[in-house]
Amino acid sequence: MARIDVLMPQMGESIAEGTMSKWLKAVGDPIKRDEPIFEISTDKVDAEIPAPNAGVLAEVLVQEGETVAVGTVVARIETDAGAAVAAPSAPAPAEQPRAEAPAAPEAPAAPAPAPAPEPTPTPAAATPAPAGTAEERLQQKSTPLVRKMVAEHGLDLSQIPGTGTAGRVTKGDVLAYLEQGGAAQPAAPAAPAAPVATSDQAAPAAPSAAAPAAAAPSKVAPSPQVEAWEGDRVEPWSRIRKLTADHMVLSRRVSAHVNSLIEIDYTHVAGIRRHLKADYAERGVNLTYLAFIAKAIAENLRKHPVINAAVSGDNTIYRRDINLGIAVALDWGLIVPVIRHADELSLLGLARSIQDLADRARNKKLAPEDVQRGTFTITNPGGFGTYVGTPVINQPQVAILAVGAIEKRPAVVTLPDGSDSIAIRTKGMWCLAYDHRIVDGADADRFLADVRNTLHNFPEPTS
């Protein structure tokens with residue numbers, strides 16, 4: 001008889017904790033190796049976590065909604081199914097997962113394995129040790145992303161109330177501190193030296209003074225409390241909804257949003273799509289208009305580097321790589337997986353990548369690296385019939401394109417003899433939102449004109 005510890009996994013280099021979103025198995029359920037047993041949410045992705053071994057779920061130590069450090073024991077699997085009948089008594093100690101010392105007497109037949117796993121949560125808790133320098137203690141209480149945000153805004157990390165495990169300061173704590181008027185320190189101009197290219201990094205505006213009270217566990221920027229009336233349904237935000245809210249409010253405050261709109265004639269692309277659709281389907285790929293759009297954008301971002309840039313303090317970072325983020329609407333929120341080196345992919349490769357990322361996003365199979373290092377984002381509200389939308393920039397990027405509905409519309413066309421006529425054309429609207437701090441209107445308009453020209457004269461692929 002043996003019990004296997006199930007740990008909160010490390011879902012990315014800069015991620016120090018995860019939230020238990022949902023248990024897919026109950027105590028006493030049989031489990032196959034690599035079968036998903038629970039879902040977690042982090043600052044990057046929602047993901048299903050597979051079982052490390054086959055057996056029976058014997059103990060659940062972390063309940064839904066709890067946030068714990070990476071490496072914390074969240075459950076135990078009994079590899080001897082016959083001994084798992086006694087396991088349903090485990091939920092009682094699971095209500096206080098960090099006080100597991102009494103667990104050993106419940107299983108006298110196996111005293112040796114019970115004490116062994118208990119030390120594992122200790123290093124992950126990152127409690128400030130009495131020894132070590134102040135810098136080392138600060139390192140233990142934050143991730144690299146948090147430390148960069150703190151340095152960028154000249155904040156004192158020790159003054160920010162932490163809501164993470166063992167008082168760790170999280171990204172949400174920094175945002176809440178800034179939102180509540182956290183005071184910036186005069187020093188720390190050296191922060192922009194090593195920008196972190198994560199998908200959720202941003203450069204908030206300089207805050208005003210006033211020390212806040214302890215931050216609330218919710219990492220969303222404070223909003224007015226509204227009374228629920230009789231018959232109303234109150235639904236708490238999911239973690240991904242909280243992160244999206246933080247990100248959108250932050251982006252609106254940081255970037256000087258300007259929008260440019262342009263109409264696209266897809267008639268030529270529609271003809272190519274009709275010719276290739278069956279061939280692509282035989283290869284398991286659904287050829288959508290979005291693949292053509294992504295191809296045209298990827299080809300033109302190299303010509304317009306300011307559209308593929310980021311702002312770091314008073315500096316502009318011109319990205320070498322062209323990594324397209326594709327916004328995916330999920331039942332539980334919005335996520336933006338990234339196609340790396342999109343300019344190096346063919347139309348087929350882009351279509352396959354878009355389909356793969358969307359499928360994995362909907363099935364919670366994305367890895368943290370799948371949503372990081374985006375340089376430009378495409379969102380497609382037109383898929384729901386929207387004529388056009390005005391999107392919010394995905395920080396720290398400086399531009400995002402919203403694609404409107406693609407449909408047949410009447411249009412004036414010029415015939416070869418120079419006369420005009422009304423014809424049916426396949427058309428749609430685009431809206432480019434850009435950061436006017438570094439992207440001028442002329443920059444945005446030239447970029448849109450070049451992308452439109454690429455689509456209007458799209459070469460038919462040979463394969």
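Residues numbered from 1 in each chain as written. Predicted model: local features only at pLDDT ≥ 70, side-chain atom pairs only at ≥ 80, totals over all residues. Heavy atoms only, no water.

Counting its secondary structure elements, the chain contains 10 helices and 19 strands. Of all 463 residues assigned to the chain, the portion counted as buried reaches 48%. For the chain, the share of sequence-separated contacts (at least 6 apart) that also reach a separation of at least 24 residues comes to 68%. Carbon and sulfur atoms provide 54% of the accessible area of the chain, an area that totals close to 22000 Å². (Helix = DSSP H or I, 4+ residues; strand = E, 2+ residues; numbered from the N terminus. Buried < 20%, exposed > 50% of the residue type's maximum accessible area, 1.4 Å probe, protein only. Contact = heavy atoms within 4.5 Å. Areas by Shrake-Rupley, 256 points an atom, 1.4 Å probe, with all protein chains shown as cover.)

With that settled, consider the sheet that holds strand β1 (residues 3-7). Paired through their backbone hydrogen bonds, the strands of a sheet run either parallel or antiparallel. Pairing is antiparallel across the open sheet formed by 4 strands, whose spatial order is β1-β8-β6-β3. Unpaired on one side and paired on the other, β1 and β3 (30-31) mark the two borders of the sheet. Relative to strand β6 (residues 55-60), β3 runs antiparallel, the two sharing 2 bridges. Counted as the bridge partner of Pro30 is Val56 from β6. (Pairing = 2+ DSSP bridges.)

Right, let's talk about the packing of helix α8 (residues 289-301) against helix α10 (residues 441-456) for a bit. The relative placement of two packed helices comes down to the angle between their axes together with the axis-to-axis distance. Remark: α8 packs on α10, axes separated minimally by 9 Å, with the N-to-C direction vectors making an angle of 130°. As far as their axial angle goes, α10 and α8 are oblique. Seen from above, α8 lies across α10 with right-handed handedness. Note on element contacts: α10 touches α8 through Phe447, Asp450, Val451, Thr454 and Leu455, opposite Phe292, Ile293, Ala296, Ile297, Glu299, Asn300 and Leu301. The residue makeup of the contact of α8 with α10, split by class, is 8 nonpolar, 2 polar and 2 charged. (Axes fitted to C-alpha atoms, helices over the stretch in contact; angles between N-to-C directions. Parallel < 35°, antiparallel > 145°, perpendicular 65-115°, else oblique. Left-handed = near helix turned anticlockwise from the far one by under 90°. Nonpolar A, V, L, I, M, F, W, Y, C, P; charged D, E, K, R; others polar.)

Turning next to the environment of Ala405. Mapping Ala405 onto the fold places it in the loop between β17 (399-403) and β18 (407-414). Exposure remark for Ala405: the relative accessible area of 6% places this residue in the buried category. Taking C-alpha positions, Ala405 is 7.1 Å from Met429, a pair spaced 24 residues apart along the chain. Discounting residues that sit within four places of it in the chain, Ala405 has contacts with Gly382, Gly385, Thr386, Tyr387, Lys427, Gly428 and Met429.

Of note, the bond from Gln395 into Pro396 is cis; its omega dihedral lies within 30 degrees of zero at 0°. Topologically, Pro396 is positioned in the loop between β16 (376-379) and β17. We note that Asp34 has phi near 70°; this positive angle belongs to a residue other than glycine. Even without being a glycine, His341 presents a positive backbone phi close to 50°. Take His341: it is sitting in the loop between β15 (338-339) and α9 (347-362).

The next subject is the confidence of the model for the chain. In the predicted model, the chain carries a mean pLDDT of 78, and the fraction of residues at 70 or more is 73%. Predicted confidence for residues 81-139 stays below pLDDT 50, and this span has 62 contacts to residues more than four positions away or in other chains. Predicted confidence for residues 184-220 stays below pLDDT 50, and this span has 91 contacts to residues more than four positions away or in other chains. (pLDDT = per-residue confidence, 0-100.)

Our next topic: α8. Over its 13 residues, α8 extends 19 Å from the first C-alpha to the last, a length consistent with the 18 Å expected when each residue adds 1.5 Å. α8 sits mainly inside the fold: 12 of its 13 residues count as buried. (Expected span 1.5 Å × (residues − 1).)

Core analysis: the largest hydrophobic core is formed by 81 residues, its most contacted members being Val74, Ile297, Phe376, Trp430 and Leu455. With 10 residues, the single largest contributor to this core is α8. If we skip the residues at most four places from it in the chain, Leu455 touches Ile264, Tyr266, His268, Val269, Phe292, Ile293, Ala296 and Trp430. Counting 13 residues, the second-largest nonpolar core is a separate cluster that includes Val146, Leu155, Leu178 and Val254. (Core = buried A, V, L, I, M, F, W, Y, C linked by side-chain atoms within 4.5 Å.)

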